[in-house]
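In case you want the letters, here they are:
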Amino acid sequence: ESNQFCDAGISYGDSACGISSSSSSKILIKGGTVVNAHQQEIADVYIEDGIIVAVKPSIKVSDDVTVLDATGKFVMPGGIDPHTHLGMEFMGTQSVDDFFSGQAAALAGGTTMHIDFVIPVNGSLSAGLEAYKDKAKKSCMDYGFHMAITKWDEIVSREMEIMVKEQGINSFKFFMAYKGALMINDELLLEGLKKCKSLGALAMVHAENGDAVFEGQKKMIELGITGPEGHALSRPPVLEGEATARAIRLAGFVNTPLYVVHVMSTDAMEEIARARKSGQRVIGEPVVSGLVLDDSGIWDPDFTTAAKYVMSPPIRASGHDKALQAALSTGILQLVGTDHCVFNSTQKAFGIDDFRKIPNGVNGIEERMHLVWDTMVESGQISVTDYVRLTSTECARIFNIYPRKGAILAGSDADIIIFNPSSSFEITTRSHHSRSDTNVFEGKRGKGKVEVTIAGGRVLWNNGELNVVPGSGKFIKMPPYSYLFGGIDKADAKYLSSLQAPVKRSKAAT
Ligand code: URP
Ligand code: ZN
Ligand code: ZN
Ligand code: ZN
């Protein structure tokens, strides 16, 4: 095989590998248990031209239809990963999974859509968007964009409006860390929150106190702690808790919904719990690395091994993982992402003498569906319908593309997985589809296996064989004013009218 993807078991659609595209435009999935977030039932699913046409028992079809038997298996909406960084330029290098290899890996793991973060170019949103449109040309599955805000002026403010009204972006991310690079201050965060609110766009935060992290890093270097463990020691949970609390309070002050990305610690999770209990609209997103790993990896004596676990916020000490799982199972946290942002060992080695230079990021886009199943469903913490909600439906609702995505309903996009709960999975660098030369979940095994992935109505993953076509993925426009904004205007009106009741004061004596 001549092309580089074939060696990883990936074939290019009808070409290169001699494996023809087996997918007709008509597919019947027979006899499975169809699971949506609201219910599950034994039913057939009939698909035509990329769209689900019918979901009901005993559908009869003509013989030009591809029939997949799902008896004894779950038929579920494809996963939607709300948090990825494919081909991201970061810390002087670029993440190695691009929009083709990262998506191929996603499909092999049962994820059929992801939302990536556009990074502005010198603060310019439109230049950033152009760059990401270019990166995404090789897409083999559907994707959407969030956009980061890294500086503030009139132009950025106007560009945000254009992104929402013309470009199909409905969320903006503010980095409270990465001082000297992506970090913003409270003044900018406040401007951004107000602007988001005025557009019906969701504000997202990377919540760590970047100034304090900078201090923590200096302290570790002064103490001679230059290895990967210095990364974890320099940015403890208290700094994540502080920034999470600050962002939540500022969003509460502005009265706009807030989405906290990669919730890694009990400290941050408890701030979200408290805010939700008081009635504030805060969404918390744990990522799979934070749910299933602890900090033992970063203390490994081998640099290459330790460095692969370096991400921000850091993977925490044992205990935080279990607390995040519990929060997910009880609705304190609402959906699971990955923050998939992978660097090879040679890139991680930029920081061999100084942990501050290790590019931050770990994998997860291919592993998320299996690990969440094993950790949450197989362990008895959540139901199968909850699994669908956490891995797909809730993401579609938050980013306002439900029920086109995130559901198996007539009229929805045909993004579907067939999941065999009796089978098993094992994660290894040898067998994964990412370009990364390491895997933070190396050696993990568990129950359940994504046997078939259908995206856009085509069978792209079938029993270990990937069949993906660069350029076949579509950009999914995400409209503003998701359900999170419902009623915000009423609360504002009530507050304003309370201010207009004049305070009566008696005239001061002269
Ligand atoms: O370490 C991480 N998380 N890298 C990706 C960028 C970010 O902060 O999400
Ligand atoms: Zn091949
Ligand atoms: Zn982040
Ligand atoms: Zn991220």
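These numbers come from a predicted model, not from an experiment. Numbering of residues starts from 1 in each chain and follows the order in which that chain's sequence is written. Here chains are named by letter from A upward and ligands by number from 1 upward, in the order in which they appear as written. pLDDT decides what is reported in this predicted model: residues at 70 or higher carry local features, side-chain atom pairs at 80 or more are listed and counted, and totals for whole chains, interfaces and linings draw on all residues regardless.

Engineer: Explain the sheet that holds strand 11 (residues 142–148) here, please?
Structural biologist: Hydrogen bonds between backbone groups are what pair the strands of a sheet, and the pairing can be parallel or antiparallel. Taking strand neighbours across the sheet as the criterion, the 7 strands line up as 7-10-11-12-13-14-15 in an open arrangement whose pairing is parallel. Of all strands in the sheet, those with a lone pairing partner are strand 7 (79–84) and strand 15 (282–284), marking the two edges. Across the sheet, the mean angle from the axis of one strand to that of its neighbour is 25 degrees, orientation sign disregarded. Sheet topology places strand 12 (residues 171–175) next to strand 13 (residues 202–206); 5 bridges connect them, and they run parallel. The residue bridging Phe172 from the neighbouring strand is Ala203, located in strand 13. We treat two strands as partners when DSSP finds at least two bridges between them. Secondary structure elements are taken from DSSP: a helix is a run of H or I of four residues or more, a strand is a run of E of two residues or more, and numbering for both begins at the N terminus. Between N-to-C directions, angles span 0 to 180 degrees; the directions come from axes that are lines fitted to C-alpha atoms, helices contributing only their stretch in contact.

Engineer: When you look at helix 2 (residues 125–135) in this model, what are you seeing that I'm missing?
Structural biologist: All of the buried residues along helix 2 are Leu125, Gly128, Leu129 and Tyr132. Angular distribution of buried residues about the axis of helix 2 spans 100 degrees; they occupy a single face of the element. By the convention adopted here, residues are in contact when the distance between their C-beta atoms, placed from the backbone, does not exceed 7 Å. Those residues of helix 2 that are buried lie in contact with strand 10 (111–118), strand 11 and helix 3 (154–166). We call a residue exposed when 12 or fewer other C-beta atoms sit within 10 Å of its C-beta, buried when the count reaches 20 or more, and partly exposed for counts in between; the C-beta positions come from the backbone. Comment: arc refers to directions from the helix axis out to C-beta atoms.

Engineer: Is there a simple way to think about the site of ligand 1 in this case?
Structural biologist: By definition, a residue lies near a molecule or strand when the C-beta atom built from its backbone is within 6 Å of it. Taken together, His85, His206, Met311, Ser312, Asp339, Cys341, Asn360 and Gly361 are the residues near ligand 1. Residues of the shell around ligand 1, tallied by class, amount to 2 nonpolar, 5 polar and 1 charged. Throughout this entry, Asp, Glu, Lys and Arg are counted as charged residues, while Ala, Val, Leu, Ile, Met, Phe, Trp, Tyr, Cys and Pro are counted as nonpolar. The remaining residues, Gly among them, count as polar.

Engineer: Hey, could you run me through the UniProt feature "modified residue: N6-carboxylysine" (unreviewed entry) in the protein in this one?
Structural biologist: UniProt positions are given in the numbering used here, feature names are shortened, and annotations may be inferred rather than shown by experiment. Here the UniProt-annotated "modified residue: N6-carboxylysine" (unreviewed entry) positions come out as Lys173. Inspection of the secondary structure assignment puts Lys173 in strand 12. Leave out the neighbours within four places in its chain, and Lys173 touches Phe117, His146, Ala148, Met204, His206 and Val261.

Engineer: Just checking my understanding: could you explain the pairing of strand 10 for this structure?
Structural biologist: The side chains of a regular strand alternate, first on one face of the sheet and then on the other. With respect to burial, strand 10 is a largely interior element, 8 of its 8 residues being buried. The pairing of strand 7 with strand 10 spans 4 bridges and is classified as parallel. Residue pairing for strand 10: Gly79 is matched across the bridge by Thr111. Examined bridge by bridge, strand 10 and strand 11 share 6 bridges and lie parallel to one another.

Engineer: Can you walk me through the nonpolar core in this structure?
Structural biologist: Note on soluble globular proteins: their nonpolar side chains tend to be buried together. A set of buried Ala, Val, Leu, Ile, Met, Phe, Trp, Tyr and Cys residues, joined to one another through C-beta atoms within 7 Å, is what we call a nonpolar core. The biggest cluster of nonpolar side chains holds 150 residues, and the ones touching the most others in it are Val45, Val75, Ala203, Ala247 and Val260. Of all the elements, helix 7 (residues 237–254) adds the most residues to this core, at 7 residues.

Engineer: Would you mind going over the environment of Arg368 with me for this structure?
Structural biologist: Within the element layout of this structure, Arg368 appears in helix 13 (residues 368–377). When near neighbours in sequence (up to four residues on either side) are disregarded, Arg368 contacts Gly79, Asp81, Gly109, Thr111, Val288, Val336 and Thr338.

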